[in-house]
Structures are given as structure tokens and as C-alpha cells.
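# Summary of the model geometry
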Amino acid sequence: MDTCVVRTDILGQDPKIVAKAGKNLGGHDFDLIIANLFFDRYPELRDGLPREEIAELKERIKEAKEVFADNFIYSGNATYTFHIPSGDFPLTLDKTTFENKCEDKKIFETIKSCIVETLEKAKIQNSDIKKVVLTGGSSKWYFIKDIVLREFTINGNNIFITPSPFTDVATGCAVYKG
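For the structure given in this document, a descriptive report is provided here. (Residues numbered from 1 in each chain as written. Predicted model: local features only at pLDDT ≥ 70, side-chain atom pairs only at ≥ 80, totals over all residues. Heavy atoms only, no water.)

Here we take up the overall build of the protein. For the protein, the count of helices and strands is six helices and six strands. Judged by the C-alpha coordinates and their principal axes, the protein covers about 60 × 35 × 25 Å. The contacts in the protein between residues at least 6 apart in sequence include a share of 60% that link residues at least 24 apart. (Helix = DSSP H or I, 4+ residues; strand = E, 2+ residues; numbered from the N terminus. Contact = heavy atoms within 4.5 Å.)

Here you go:
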């Protein structure tokens, strides 16, 4: 997870990054939560999968993460069926269970501390922020927007989630370097 404060209100000047911070947090953390939930549901598979099936399972976990992130926005639970050579293994996950696992791993706390650190480096207050742009795959999780809404005095119309969060950073770098 990375955060930065960009100043865009200086007329005639390019936007300027005034502070940034990062924490060792990202999609892999959510993958591990889903993997642990999968193995909690199917403990017989924890030590019994061949190496090639473990690689396949990792790919299915990434797909499951997308399904859960998308469906939790609209409903309280979602089901994803893991199709691996050993069989089909459905996993139904509800928001509360997932949130509890995120709390256990201090994910929400880490996100908040990253925001606070960035604001402190920029020497500004939460109320000074007028817009937030969310990017990266983890920005698709509903709770990222919820945390931003709680941390800043902005309305939901000033939080932007880009249409292609997985490639935005690379695109931004290319545009910046021209």
C-alpha cells in the first residue's frame, strides 16, 4: 500500500508530490487470507496437494479475490468454486468473516497508519484533502473507500476509483516520463 499527497492547486505548474508513504501491504495479504479460509474449509488439502496443483490453486485464489471484492460491494456474501485437478471446491465467504480476518492481520490499522504518516509528512490535516484517487488492485475492495470516507472530510463524489486499477501506476509512469 502506498499513499501520496499531490498538490495540484498551483496555477501554471505541474502537480507536485509533497509527501508519500508506503507499507508492506497489498494483494498478497488478501491472497493469504483467502488461502487460509480455503484450507480451514478443506483441511484435508492443506498438506495433500501436489506442487502443480498448488500453483493452480494460487491462480484460482487470485480469481476468487476478484469475485469477493466485486460481490461484497453489492451483497453480504459470495461463493467462488475453486476448480483444480483434484476437484471442485466451493468456498462461500461473508463480509463479516473476511473483515474479521483483515482485522486479525491488522490490515485496516495498517491502511490508516499509512494515511496518517503521509499527512504528517505533508504537514497537512485530513480536512485539507479535497479529492482522493484510488488505484491498484486492492482499491477494488469496498473497505478501502470506506476507510477513506472515514478518514477524510470529503464526500463520496470526490473519491475516484480508476477503471483499470491494475495498470494505472505503469500508465502514470509512462505519461510522466513522456
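What follows continues from the structure just given.
The next point concerns the pattern of salt bridges. Taken as a whole and assessed by the stated rule, the structure comprises nine salt bridges. Salt-bridge contacts for D31 lead to K65; the nearest nitrogen and oxygen are separated by 2.8 Å. Residue D31 is located in helix α1 (residues 27-41), and its partner K65 is located in helix α2 (residues 51-72); the two are separated by 34 residues in the primary sequence. Owing to a relative accessible area of 14%, K65 belongs among the buried residues under this scheme. Three or more residues are tied together by salt bridges with common partners; here these are K23, E117 and K121. (Salt bridge = Lys/Arg side-chain N within 4 Å of Asp/Glu carboxyl O. Buried < 20%, exposed > 50% of the residue type's maximum accessible area, 1.4 Å probe, protein only.)

Attention now moves to the nonpolar core. Of all hydrophobic cores here, the largest spans 46 residues; its most connected members are F38, F68, F82, F98, W141 and F143. Of all elements in the fold, only α1, α2, β3 (77-84), β4 (87-94), α3 (95-104), α4 (107-122), β5 (132-134) and α5 (142-151) reach the threshold of two or more residues within this core. Of all the elements, α1 adds the most residues to this core, at seven residues. Setting aside residues up to four positions removed in sequence, F82 forms contacts with I34, F38, L57, R60, I61, A64, G87, D88, F89 and L91. (Core = buried A, V, L, I, M, F, W, Y, C linked by side-chain atoms within 4.5 Å.)

What follows is about the pairing of β4. Examined bridge by bridge, β3 and β4 share eight bridges and lie antiparallel to one another. Bridge pairing in β4 places I84 opposite G87. (Pairing = 2+ DSSP bridges.)

Spanning 22 residues, α2 covers 31 Å between terminal C-alpha atoms, matching the ideal 32 Å at 1.5 Å per step. Along α2, the residues that are buried comprise E53, L57, R60, I61, A64, K65, F68, A69 and F72. Structurally, α2 contributes buried residues whose contacts are with α1, β3, β4, α3 and α5. (Expected span 1.5 Å × (residues − 1).)

Before going further, it helps to spend a moment on unusual backbone geometry. Non-glycine residue K106 carries a positive phi angle of around 60°. Examined against the element boundaries, K106 turns out to sit in the loop between α3 and α4. Phi is positive for K123, which is not a glycine, with a value near 60°. Judged by relative accessible area, which is 75%, K123 ranks as exposed.

Right, let's get into the environment of F143. Following the sequence through the fold, F143 ends up in helix α5. Taking the C-alpha atoms as reference, F143 lies 19 Å from E63; in sequence the two are 80 residues apart. Apart from residues lying up to four places away in sequence, F143 is in contact with F30, F98, C102, F108 and I111.

Right, let's talk about the side chain of E151 for a bit. Checked against the element boundaries, E151 lands in helix α5. At 4.9 Å, K112 is the nearest oppositely charged side chain to E151, a buried residue that forms no salt bridge. Once residues within four sequence positions are removed from consideration, E151 is found in contact with K112, I115 and N126. (Lys, Arg positive; Asp, Glu negative; His and termini not counted.)

Where α3 begins, one side-chain oxygen reaches toward the backbone nitrogen of T96, 3.1 Å away; that side chain belongs to D94. Just downstream of α3, K106 is the residue with a positive phi angle, here 60°. (Polar contact = N/O pair within 3.5 Å; in protein donor to acceptor, adjacent residues only side chain to side chain.)

What follows concerns the packing of aromatic side chains. In the structure shown here, the tally under the stated rule is 18 aromatic pairs. Centre to centre, the rings of F38 and F39 are 5.3 Å apart; their planes meet at 80°, and the pair counts as edge-to-face. Note on F39: relative accessible area 14%, which makes it buried. Their ring planes at 55° and their centres at 6.1 Å tell us that F72 and F98 sit as a pair that is tilted. Here the residue F72 occupies a position in helix α2, and F98 occupies one in helix α3, the gap between them amounting to 26 residues. One aromatic cluster is present, built from ring pairs that chain together F30, F68, F72, F98, F108, W141, Y142 and F143. A cation sits over an aromatic face here: K95 above Y142, 4.4 Å from the ring centre. (Phe/Tyr/Trp six-rings, centres within 6.5 Å; stacked < 30°, edge-to-face > 60°. Lys NZ or Arg CZ within 6 Å of the ring centre and 35° of its normal.)

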